[in-house]
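Observations on the three-dimensional arrangement
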Amino acid sequence: MRDHAARTRTGLTAKPSKPPGKVDPRIHVTLPQLRALESQARGLRFLPRQPAASVFNGRHASRLRGRGLNFEELRDYLPGDDPRTIDWKVTARTGKPHVRVYSEERDRPALILVDQRMSMFFGTQHAMKSVIAAETAALAAFRILDQGDRVGGIVFGDEFAAEIKPKANRPTRDRFLTAIARANQLLRADAPAIGTPMSLNTPLRTAARIARRNNLVIVISDFDGVDEQTASLIGRLASTNDLILCPVTDPIAGEIPAGLKLVVSDGELQVELDTASGEIHKRLADFSSGRLSEILSWQKRYGLPVLPLSAGEDTIPQVRRLTGLTSVGRRPLP
């Protein structure tokens, strides 16, 4: 009988069966595997003031704002106050210089969207895209909570969405990690096909409802099935929040070899595609590059930072490299 989870706001309602034998960490993640990443998250930063090599810096023209400011009070100007804080309207009305005093927001909410649909259960060289997404989400969750902000997320598959509202405590973070591990373990190569897989637009709409303004929103997905509505939702989220896109790809998507025979299956039917055919090769290549082009167009249009993740290498080195930190060595393959 097929494992499944109900589509609810509260989360995964069914525990997946344990994969037989030893779990290969490149194919499925476990909760202990995600928890073990906590020490590796130190030093990562998903907010402004990035190292020079970080993708968040100027060459990508990102508009990350960081924490906002809360208005505290209006008071008389004192020697040493920053002249830029002077409220000129109040100063003109009263005849005395006044300044506006602000304090930095605390417990800034962060929402992490983690794609665990069947399209993510794919990898040709090192790991499944679903594993890279799960580990990246865990690293972000650890770091965000460690810096004192609220963290939550939306973990979604083809038939379910687990919603965890952002809170600044470990139990909420652990619920998020548990939802990721359960969703990941539901992915199976022999899973029967479903009618209509969940569109990325569904969790994006949920994110827009939760993150109304001044949230940090991180979307980790292969962006399968994007359309015009997706672009609209991305723009809506970016207009009121700090939005980071993390497209996860497999190395084969960058260069599809000619003469390669691919067996594509929907779980019930399968077909063999031979890339020796010029027309088939061109269509597959156009499909792969078209999705990335769409994401890059959003980057340019909305000023978004994009962290391109690959299923062809370990998660930690590439995340550290993308955020401007020194890369660490690859872990040995089991």
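Quick note: structure is the one above.
Described below are features of the structure shown in this document. Everything numeric in this text was worked out from a predicted model, so none of it was measured. (Residues numbered from 1 in each chain as written. Predicted model: local features only at pLDDT ≥ 70, side-chain atom pairs only at ≥ 80, totals over all residues. Heavy atoms only, no water.)

**Topic: the overall build of the chain**
Of the regular secondary structure elements, the chain holds eight helices and 10 strands. The buried share of the chain, reckoned over its 334 residues, is 46%. In the chain, the share of contacts with a sequence separation of at least 24, taken over all contacts with a separation of at least 6, comes to 75%. Looking at the chain as shown, the accessible area adds up to about 16900 Å², and 53% of this sits on carbon and sulfur atoms. (Helix = DSSP H or I, 4+ residues; strand = E, 2+ residues; numbered from the N terminus. Buried < 20%, exposed > 50% of the residue type's maximum accessible area, 1.4 Å probe, protein only. Contact = heavy atoms within 4.5 Å. Areas by Shrake-Rupley, 256 points an atom, 1.4 Å probe, with all protein chains shown as cover.)

**Comments concerning the nonpolar core**
In this structure, Ile112, Phe176, Ile218 and Ile220 are the most contacted members of the largest nonpolar core, which totals 50 residues. Element by element, the count of residues in this core is highest for helix H3 (residues 129–146), at 12 residues. With near-sequence residues (within four places) excluded, Phe176 lies in contact with Ile112, Val114, Ala137, Ala141, Gly152, Gly153, Ile154, Val155 and Ile164. Core analysis: the second largest hydrophobic core is formed by 27 residues, Leu113, Leu204, Ala207 and Val306 among them. (Core = buried A, V, L, I, M, F, W, Y, C linked by side-chain atoms within 4.5 Å.)

**Remarks on unusual backbone geometry**
With a phi angle near 55°, Asn214 is a residue other than glycine that sits in the positive phi range. The residue Asn214 is located in the loop between helix H5 (201–210) and strand S6 (216–221) in this model.

**Section: the pairing of strand S7 (residues 242–249)**
With seven of eight residues buried, S7 is to be regarded as a mostly interior element. Two elements, S6 and S7, share six bridges in a ladder whose sense is parallel. Within S7, the residue paired with Ser221 across the bridge is Pro247. (Pairing = 2+ DSSP bridges.)

**Examining the pattern of salt bridges**
Throughout the structure, instances matching the rule amount to 15 salt bridges. Across the pair Glu38 and Arg170 runs a salt bridge, and its minimum N-O distance is 3.5 Å. Note that Glu38 is positioned in the loop between helix H1 (31–35) and strand S1 (69–76) and Arg170 in helix H4 (residues 170–185), a separation of 132 residues in sequence. By relative accessible area, Glu38 is classed as partly exposed at 28%. On the accessibility criterion, Arg170 (48% relative accessible area) is partly exposed. Each of Glu38, Arg170, Arg173 and Asp174 takes part in a single network of salt bridges with overlapping partners. (Salt bridge = Lys/Arg side-chain N within 4 Å of Asp/Glu carboxyl O.)

**What about the environment of Thr230?**
With respect to the helices and strands, Thr230 occurs in helix H6 (residues 228–240). Assessed through its relative accessible area of 0%, Thr230 is described here as buried. The sequence separation of Thr230 and Thr202 amounts to 28 residues, and the corresponding C-alpha distance is 9.4 Å. Setting aside residues no more than four positions away along its own chain, Thr230 makes contact with Leu200, Asn201, Leu204, Gly225 and Trp298.

**Structural notes on the sheet that holds S6**
The six strands lie next to each other as S5-S4-S3-S6-S7-S10, forming an open sheet whose pairing is mixed. The open sheet has two free edges, formed respectively by strand S5 (161–167) and strand S10 (309–310), since each of these has just one partner strand. In this sheet, S6 lies alongside strand S3 (residues 109–115) in parallel orientation, the contact comprising five bridges. Counted as the bridge partner of Ala110 is Leu216 from S6.

**Some thoughts on the pairing of S6**
Counting buried positions over the six residues of S6 gives six, a clear majority of the element. Because side chains alternate across S6, one face comprises the buried residues Leu216, Ile218 and Ile220, and the other comprises Val217, Val219 and Ser221, equally buried. Read from S6 through H6 to S7, the crossover connection turns out right-handed. (Right-handed = clockwise from strand over helix to strand, strands pointing away.)

**Some words on the packing of H3 against H4**
Axis separation between H3 and H4 bottoms out at 10 Å; the angle between their running directions is 180°. Between H3 and H4, the angle falls in the class roughly antiparallel. Across the interface between the two elements, Ser130, Val131, Ala134, Ala137, Ala138, Ala141, Phe142 and Leu145 of H3 pack against Arg170, Arg173, Phe176, Leu177, Ile180 and Asn184 of H4. Residue composition of the contact of H3 with H4, grouped by class: 10 nonpolar, two polar and two charged. (Axes fitted to C-alpha atoms, helices over the stretch in contact; angles between N-to-C directions. Parallel < 35°, antiparallel > 145°, perpendicular 65-115°, else oblique. Nonpolar A, V, L, I, M, F, W, Y, C, P; charged D, E, K, R; others polar.)

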